[in-house]
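# Summary of structural features
Single-letter residue listing:
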Amino acid sequence: MATAHANIQALTAARFEMPAKFTQFCENGGQPLGGYIGGQSVPGSMNATFETVDPGSLDVLARVCEMGEAEVDRAVTAAQAAFAGNGVNGWRDFPVDERCELVMKLVELADRDRDVLLACEIHDGGKVSELAEGDVDQIRACAEYFCDVARRIPLGDGPSMDVADGVRGFTYREPWGVVAGIIPWNYPIVLTSWFMFPALLAGNCIIIKPAEDTPLSALYLAKLAEEAGFPPGVINVLPGRGELTGQAIAEHPGIRYISFTGSPGVGQHILRTCDRHGTRMKREMGGNGAAIVLDDADPEVVARMIGRHANQHFGQTCCTIHRVFVDQKIADDFIDAERHFFENLKIGYQAEEGTQLGAVINPTQMSRVLKAQSETVARGGQPVVAGGPAEVPGRKGFYVKPALYRTQPGVQCNPQEVFHTFATICPVSSAEQALELANSTPYGLGASVWTKDVDRGIALAKQLRDGTCQVNCHNSIAYGLPYGGQGISGGPGAGVNCEDTFRDYTQVKAVYVSEYPEA
Ligand code: NAD
């Protein structure tokens with residue numbers, strides 16, 4: 001059912017109190033939280049720890065042990081052992097129903113400890129509750145979808161065919177063995193689920209490398225996996241920095257497949273690294289999302305809808321809208337309405353009632369956003385809402401004001417993903433011009449068309465050079481449809497959340513069998 005106009009507003013926080021169970025988990029009896037390898041909490045051989053903080057208050061939530069090369073190697077050995085077992089009882093040999101049963105047990109435990117997982121997303125990830133609630137829902141939705149897919153798509157022998165006299169051939173589909181998931185900080189629990197469930201259900205053992213800013217939810221899921229009864233080594237979690245832990249994962253030849261979500265530069269680097277030893281990879285990367293607003297749209301309503309999506313997780317959503325192309329007939333009204341929406345976003349602490357725009361995740365990100373704002377002006381963007389650092393009384397945190405600019409065709413003032421509530425609005429003379437400008441980017445993740453004429457919208461959406469093209473909506477995902485990128489935003493691989501995602505976690509070989517020659 002479509003949302004009534006009056007209800008279109010930015011995602012908003014309800015007040016959230018940290019549950020005692022989350023605090024206890026973070027305190028860990030006074031010890032830093034270890035990595036999780038082979039069913040055990042592991043402090044790591046480097047004796048190195050790092051702090052994970054709440055970005056809206058800068059309170060230290062937990063100390064976490066950093067995993068190095070030795071731990072990556074140990075996790076690979078544990079995962080290989082769990083995969084193969086003693087030849088008959090490894091994870092690869094588990095019947096699909098037994099794998100599903102364990103996955104759904106983990107989901108039940110996640111439901112039981114929903115408030116702890118919400119605390120991970122709200123305090124470690126810096127999200128408002130309205131978004132965090134939806135993220136935690138993805139654990140169950142993703143697990144149920146991929147259990148169904150795993151039951152429907154058989155692995156093992158395909159149908160046999162005669163290929164020559166006395167020779168038959170068939171395909172054999174099998175899991176990779178040990179796979180790794182390298183995860184960014186913006187949707188930690190969603191992406192851990194999106195990688196972990198299809199990989200496990202296809203029979204792989206997995207190593208998860210959460211982002212250094214948001215390690216808590218993956219570590220908590222590992223704890224729940226142990227309680228659910230997963231055999232040791234099937235799920236391993238290695239917290240640490242990208243250049244250290246992530247790099248060691250990319251360099252380890254025992255990992256046969258890597259799923260990566262993050263920035264295009266890092267994805268390109270990992271692909272080059274792992275390709276040297278034949279490890280395959282799939283990548284979901286950043287975007288520079290566009291929205292095209294046609295002349296028949298109601299400027300005030302559509303400005304609010306676009307504003308809501310542009311501000312989802314404060315613009316730190318991969319397919320967020322950063323570039324708007326609006327028909328010049330309605331441009332002034334649209335820009336005015338968007339200015340009103342951006343200016344009225346309630347900036348505040350993400351766990352406090354009413355907040356709509358919280359802190360960005362870390363100081364590097366804050367500098368990046370502020371630099372992008374000044375560069376946009378230097379490149380010819382005219383400020384409509386000026387941006388700059390924001391103050392939240394009583395809170396230390398990485399707060400930045402939203403930014404909105406008016407631009408014109410031919411002025412390329414925001415060539416890169418900014419990752420904040422930031423947009424340029426360019427008045428255009430036709431839908432064709434809007435399409436051409438929207439497509440003039442090396443990114444290709446998500447874009448949308450906004451119009452009362454849905455058929456016209458669909459026709460234009462199909463011409464967008466993006467993995468996800470939408471009409472009168474944006475940031476949509478659904479299980480059964482691939483979520484992936486074109487251009488530098490994704491691939492190889494089939495995107496996430498569809499049947500081909502499940503197949504990505506398997507490889508297929510051809511087997512030929514000839515009769516033994518008679519004497
Ligand atoms: P990032 O690329 O900096 O980091 C992603 C992960 O890679 C982190 O775990 C990091 O530690 C690791 N990493 C960094 N250097 C590495 C190396 N040398 N070897 C191995 N691993 C390494 O991205 P980020 O800043 O954490 O996340 C934001 C980016 O993710 C944005 O570009 C966003 O658009 C993108 N993203 C894309 C999607 C999607 O589905 N397409 C979803 C969420 C986020």
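Overview of the structure. Remember, predicted model here, so these are calculated numbers, not experimental data. (Residues numbered from 1 in each chain as written. Predicted model: local features only at pLDDT ≥ 70, side-chain atom pairs only at ≥ 80, totals over all residues. Heavy atoms only, no water.)

### Focus on the packing of aromatic side chains
Under the defined criterion, the tally for this structure stands at 10 aromatic pairs. Centroid distance Trp176 to Tyr257: 5.0 Å. Interplanar angle 15°. Geometry classified as stacked. In this pair, Trp176 sits in the loop between strand 7 (167-175) and strand 8 (178-182) while Tyr257 sits in strand 11 (residues 257-262), placing the two residues 81 residues apart along the sequence. When sorted by exposure, Trp176 lands in the same class as Tyr257, which is buried. Between Tyr405 and Phe422 the ring centres are 5.4 Å apart and the planes differ by 50°, which places this aromatic pair in the tilted class. On the criterion of sequence distance, the pair formed by Tyr405 in strand 16 (residues 403-406) and Phe422 in strand 17 (residues 422-428) is long-range, its members being 17 residues apart. With a relative accessible area of 0%, Phe422 lands in the buried category. In textbook terms, an aromatic cluster arises when at least three aromatic residues are bridged by ring pairs, as seen for Trp91, Phe94 and Phe230. Taking the ring centre of Trp91 as reference, the NZ or CZ of Arg99 above it sits at 6.0 Å. Between Arg395 and the ring centre of Tyr349, over which it is positioned, the NZ or CZ distance is 3.8 Å. (Phe/Tyr/Trp six-rings, centres within 6.5 Å; stacked < 30°, edge-to-face > 60°. Helix = DSSP H or I, 4+ residues; strand = E, 2+ residues; numbered from the N terminus. Buried < 20%, exposed > 50% of the residue type's maximum accessible area, 1.4 Å probe, protein only. Lys NZ or Arg CZ within 6 Å of the ring centre and 35° of its normal.)

### Considering a nonpolar patch on the surface
A cluster of nonpolar side chains, Met161, Val163 and Tyr512, forms an exposed patch at the surface whose accessible area comes to about 340 Å². Among the structural elements, Val163 can be located in strand 6 (residues 161-164). (Patch = residues over 30% accessible without salt bridge, like charges linked within 9 Å, V, L, I, M, F, W, Y side chains within 5 Å. Areas by Shrake-Rupley, 256 points an atom, 1.4 Å probe, with all protein chains shown as cover. Salt bridge = Lys/Arg side-chain N within 4 Å of Asp/Glu carboxyl O.)

### As for helix 10 (residues 299-310)
Between its first and last C-alpha, helix 10 extends 16 Å over 12 residues, near the 16 Å set by a 1.5 Å rise per residue. With respect to burial, helix 10 is a largely interior element, 9 of its 12 residues being buried. Looking only at helix 10, the buried set comprises Pro299, Val301, Val302, Ala303, Arg304, Ile306, Gly307, His309 and Ala310. Considering only its buried residues, helix 10 is in contact with strand 13 (289-293), strand 14 (321-327), helix 11 (331-343) and strand 18 (446-450). The distance from a side-chain oxygen at the start of helix 10 to the backbone nitrogen of Glu300 is 3.0 Å, and the residue carrying that oxygen is Asp298. (Expected span 1.5 Å × (residues − 1). Contact = heavy atoms within 4.5 Å. Polar contact = N/O pair within 3.5 Å; in protein donor to acceptor, adjacent residues only side chain to side chain.)

### Concerning the pairing of strand 13
Of all 5 residues in strand 13, 5 are buried, a share of seventy percent or more. Along strand 13, one buried face is formed by Gly289, Ala291 and Val293 and the opposite face, lined by Ala290 and Ile292, is buried too. Where strand 13 meets strand 14, 5 bridges bridge the pair, whose relative direction is parallel. What sits directly across from Ala291, in strand 14, is Val324. Handedness of the crossover joining strand 13 and strand 14 through helix 10: right-handed. (Pairing = 2+ DSSP bridges. Right-handed = clockwise from strand over helix to strand, strands pointing away.)

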